[in-house]
Amino acid sequence: MGKQTPLYDKHVVMGAKMVDFGGWDMPLRYGSQIDEHHQVRTDAGMFDVSHMSVVDFTGPDTREFLRKIFANNVDRLTTPGKALYTCMLKEDGNVLDDLIVYYMDENWFRVVFNAATHDKDLAWVQEQAKSFSLEIIEPPNMAMIAVQGPNARVKAGAVFDEPVRSEIASLAPFTAAYFGDLFISRTGYTGEDGFEIILPVSQANDVWRALYGEGVQPIGLAARDTLRLEAGMNLYGSDMDESTSPLESGLGWTVAWDPEGRDFIGRGALEKIRSAGTTKKLVGLILEEKGVLRDHQKVIVNGLDDGEITSGGFSPTLQKSIAFARVSKDIGGTCKVEIRGKHVLATVVKLPFVRNGKPV
Amino acid sequence: MSNVPAELKYTKSHEWVSVDGDVATVGITDHAQDLLGDMVFIELPDVGATFSKGDDCAVVESVKAASDVYSPVSGEVVEVNEDLADSPESVNNDAYTAWLFKIKLSDASEVDEMLDAATYSGVAADDSH
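Report on the accompanying structure. Nothing here was measured: the structure is a model prediction, and the numbers come from that model.

This next bit is on the interface of chain B and chain A. Opposite the seven residues of chain B that make contact, chain A presents 11 residues. Considering only residue class, the side of chain B that touches chain A consists of four nonpolar, one polar and two charged.

Below is the structure:
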């Protein structure tokens, strides 16, 4: 048995199929995964993401430290509550994790790391922090609930009393703030509007129950995966990892090259990769025949292996199978994918596949 | 607990069979559809194809995985459920009305070797843990 979130009993009572995810027992789906997906695209759904790692960096050297360990530049964060998406790289330029960092104040930044990478991330930042004056703290007894969908903000707001209800309604995209004990950000991993709420464990069940009372349905990891895939969002461990750089993972836009003097970890290696020219890139594929694209299937161009699918699945919005694939930089408009020994046709597209609930 | 109708026969690989004269109707069990999740497409055999017991003869592809369906008996396919092309989800809605194909038995004694409902329920229960 793995680790359990504070909402574990809720998932079991709601009939979830539980699976291991990064050492946690998490809900895969409660009923139909496709229905859950549509629920988020058309109304509102909630996800237990309490397995994510919330880590606070505090102290006078915090900004300087984060400028060093993140490929994106925290100097872009100057307004309290503002969030930034970034990769954390190794010296070789490959990806240790991807994360969101929030600016709280000049002596306090909050980071949300992935769940499965928790131990290595903490070991890494503690090692790197040795020559800096800062503290690395994991706030204890925290839960995290994401509410996503076109009606997510209104339905989540209904759970709270005034003035919080009005205040969270005016929270700008990609920002966060404290409302009493609740840290609420207008972020997510579905391509829909919504919030992610970090809250004390003691309140998690009440908030979950209240959201359910507003018609917000529980959504499992399976639909979370197809939602983020349609939205063109990478999954650490599938689309990038310690053997790939952001430049060949569709994440070049997250690397802040300027100013040139900012010597972040991995910069030297990335500059070499950039000047030599990358040979691979991450693209979207839409399967034009029946079947389902799945992780690690081979991509074939002109009869030769050209790369592989990093994340694949069935898109309920497009009613077709879609995938991300790492392929040659000069791939054309179509390719073949090997599915169960057969070569089937796929179209190469730009990401995302779906925006605001509609096919792009 | 998944639904296991008493009047049907079963295989360990989660197919069900209903026999009418010398024709067997074949589908996948409620337990199988529950494990696989939402069906997204189903590849059926050709009418006229012949299979031996245990041959892979169809594929059910769900959001989770593509799974082979094995012919529970030997014989010739005489009809396939064309409706599944447009509505693979009917297997999720009712696995026992959403049959896959009908096969003319070449050896009726093979049906007697299949599992009864009580035995299959035990197989499905073990499989869930």
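Residues and elements named next belong to chain A. One ladder, built from four bridges, connects strand 10 (residues 176–179) with strand 11 (residues 182–185); its direction is antiparallel. Its bridge partner being in strand 11, Phe 179 is matched across the sheet by Leu 182. Connecting strand 10 to the antiparallel partner strand 11 that follows it, the hairpin turn spans two residues, and Gly 180 within it adopts a positive phi of roughly 65 degrees.

Here we take up the packing of helix 2 (residues 33–42) of chain A against helix 8 (residues 221–230) of chain A. Residues and elements named next belong to chain A. Where helix 2 contacts helix 8, the axes come no closer than 9 Å and their chain directions differ by 55 degrees. The angle between helix 2 and helix 8 places the two elements in the oblique class. Relative to helix 8, the crossing made by helix 2 is right-handed. Contacts between helix 2 and helix 8 involve Gln 33, Glu 36, His 37 and Val 40 from the former and Ala 222, Ala 223, Thr 226 and Leu 227 from the latter.

Taken together, six strands build an open sheet; the order of strands is 10-11-12-9-3-13 (chain A) and the sheet is mixed. Across the chains shown, the open sheet's two edge strands, defined by having one partner strand only, are strand 10 and strand 13 (217–218) of chain A.

Bringing the sheet that holds strand 15 (residues 298–301) of chain A into the picture now. All names here are of chain A. The strand order around the closed barrel built from six strands is 14-17-16-15-18-19, with neighbouring strands paired in antiparallel fashion. Here the strands of the sheet are splayed against their neighbours by 45 degrees on average, with no regard to which way each runs. Strand direction decides the pairing type here: strand 18 (residues 334–339) and strand 19 (residues 342–349), joined by six bridges, are antiparallel. If you follow Cys 335 over to strand 19, its bridge partner there is Ala 346. Across the sheet, helix 8 lies against strand 16 (304–315) and strand 17 (320–328), angled at about 120 degrees from strand 16, the strand it touches most.

About the criteria used
- Residues numbered from 1 in each chain as written.
- Chains lettered and ligands numbered in written order.
- Predicted model: local features only at pLDDT ≥ 70, side-chain atom pairs only at ≥ 80, totals over all residues.
- Contact = placed C-beta atoms within 7 Å.
- Nonpolar A, V, L, I, M, F, W, Y, C, P; charged D, E, K, R; others polar.
- Pairing = 2+ DSSP bridges.
- Helix = DSSP H or I, 4+ residues; strand = E, 2+ residues; numbered from the N terminus.
- Axes fitted to C-alpha atoms, helices over the stretch in contact; angles between N-to-C directions.
- Parallel < 35°, antiparallel > 145°, perpendicular 65-115°, else oblique.
- Left-handed = near helix turned anticlockwise from the far one by under 90°.

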